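# Notes for the structure review
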Amino acid sequence: MQTLARLNQVLLASYGWHQPLFLTGLAALGALDLAFLDGWGTFWVMLSWGMVFGIHFMVFRAQTVDERWVQERTIFDVQRPWDTGHIQEIKKSPFGRSIYRTELGRVDEHGRPVSRREDTPAERT
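Residues numbered from 1 in each chain as written. Predicted model: local features only at pLDDT ≥ 70, side-chain atom pairs only at ≥ 80, totals over all residues. Heavy atoms only, no water.

Secondary structure summary: the protein chain contains 5 helices and 2 strands in total. Along its sequence from the N terminus, the protein chain presents helices and strands in the succession α-α-α-α-β-β-α. Across the 125 residues that make up the protein chain, the buried fraction comes to 18%. Put simply, of all contacts in the protein chain between residues at least 6 apart along the chain, 45% involve residues at least 24 apart. Split by element, the accessible area of the protein chain, about 9900 Å² in all, is 64% carbon and sulfur. (Helix = DSSP H or I, 4+ residues; strand = E, 2+ residues; numbered from the N terminus. Buried < 20%, exposed > 50% of the residue type's maximum accessible area, 1.4 Å probe, protein only. Contact = heavy atoms within 4.5 Å. Areas by Shrake-Rupley, 256 points an atom, 1.4 Å probe, with all protein chains shown as cover.)

Rendered as structure tokens:
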């Protein structure tokens, strides 16, 4: 059990440098591939590293969830009637604004959806 806990700590601590290293490494491998190789020379390296990074990201993200993220996801995915209410609004007014549209599903400190900002006078002209 201690080994898994230590592995988990290493995975969480190393994500901060793994992400920029991964992005830089992919760019370097792509440039190397285009400049010196036949276009597929680093494909398997990129694919393998991408899969490892994807797993690392999922482990990191699954354990770094905080209360605010849970609240936003709950409102965005569960409490907002996307299918029924939104479709009915579109049927009523296909080109108008919908009460169900908020700015990227964000909520204020009380858990209420943040409404879209109103048009400014400069944007109306």
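Quick look at the side chain of Thr42 now. Tracing the chain through its elements places Thr42 in the loop between α1 (2–36) and α2 (43–63). Of note is the side chain of Thr42, whose polar atom sits 3.2 Å from the side chain of Asp33. Leave out the neighbours within four places in its chain, and Thr42 touches Leu29, Leu32, Asp33 and Leu37. (Polar contact = N/O pair within 3.5 Å; in protein donor to acceptor, adjacent residues only side chain to side chain.)

All chains considered together, the criterion is met by 1 salt bridge. A salt bridge links Glu72 to Arg68, with the shortest nitrogen-to-oxygen separation between them at 3.5 Å. Residue Glu72 and its partner Arg68 are located together in helix α3 (residues 67–79), separated by 4 residues, close to a single helical turn. By relative accessible area, which is 19% here, Glu72 ends up buried. (Salt bridge = Lys/Arg side-chain N within 4 Å of Asp/Glu carboxyl O.)

This paragraph deals with α1. Because each turn of an α-helix spans 3.6 residues, side chains separated by three or four positions in sequence point in the same direction. Taking the largest bend as the criterion, α1 deviates by roughly 50 degrees, centred on Tyr15. By the burial criterion, the buried members of α1 are Ser14, Tyr15, His18, Phe22, Gly25, Leu29 and Asp33. Contact partners of the buried residues in α1: α2. (Bend = angle between axes of the 7 residues up to and from the residue.)

When you line up the elements, Ser14 lands in helix α1. At a separation of 2.8 Å, a polar atom in the side chain of Ser14 contacts the main-chain carbonyl oxygen of Val10.

With that settled, consider the packing of aromatic side chains. Counted according to the given criterion, the structure contains 7 aromatic pairs. Ring geometry for Phe22 against Trp49: centres 5.5 Å apart, planes inclined by 85 degrees, an arrangement best described as edge-to-face. Of the two residues, Phe22 is situated in helix α1 and Trp49 in helix α2; the sequence distance between them amounts to 27 residues. Here the aromatic residues Tyr15, Phe22, Trp49, Phe53, Phe57 and Phe60 are joined through ring pairs into a cluster of three or more. (Phe/Tyr/Trp six-rings, centres within 6.5 Å; stacked < 30°, edge-to-face > 60°.)

On to a nonpolar patch on the surface, then. A surface patch of nonpolar side chains, amounting to about 610 Å² of accessible area, comprises Trp40, Phe43, Trp44, Leu47 and Met51. The topology assignment puts Trp40 in the loop between α1 and α2. (Patch = residues over 30% accessible without salt bridge, like charges linked within 9 Å, V, L, I, M, F, W, Y side chains within 5 Å.)

Where α1 contacts α2, the axes come no closer than 9 Å and their chain directions differ by 145 degrees. Seen from above, α1 lies across α2 with left-handed handedness. Taken together, the residues of the contact of α1 with α2 sort by class into 15 nonpolar, 9 polar and no charged. (Axes fitted to C-alpha atoms, helices over the stretch in contact; angles between N-to-C directions. Left-handed = near helix turned anticlockwise from the far one by under 90°. Nonpolar A, V, L, I, M, F, W, Y, C, P; charged D, E, K, R; others polar.)

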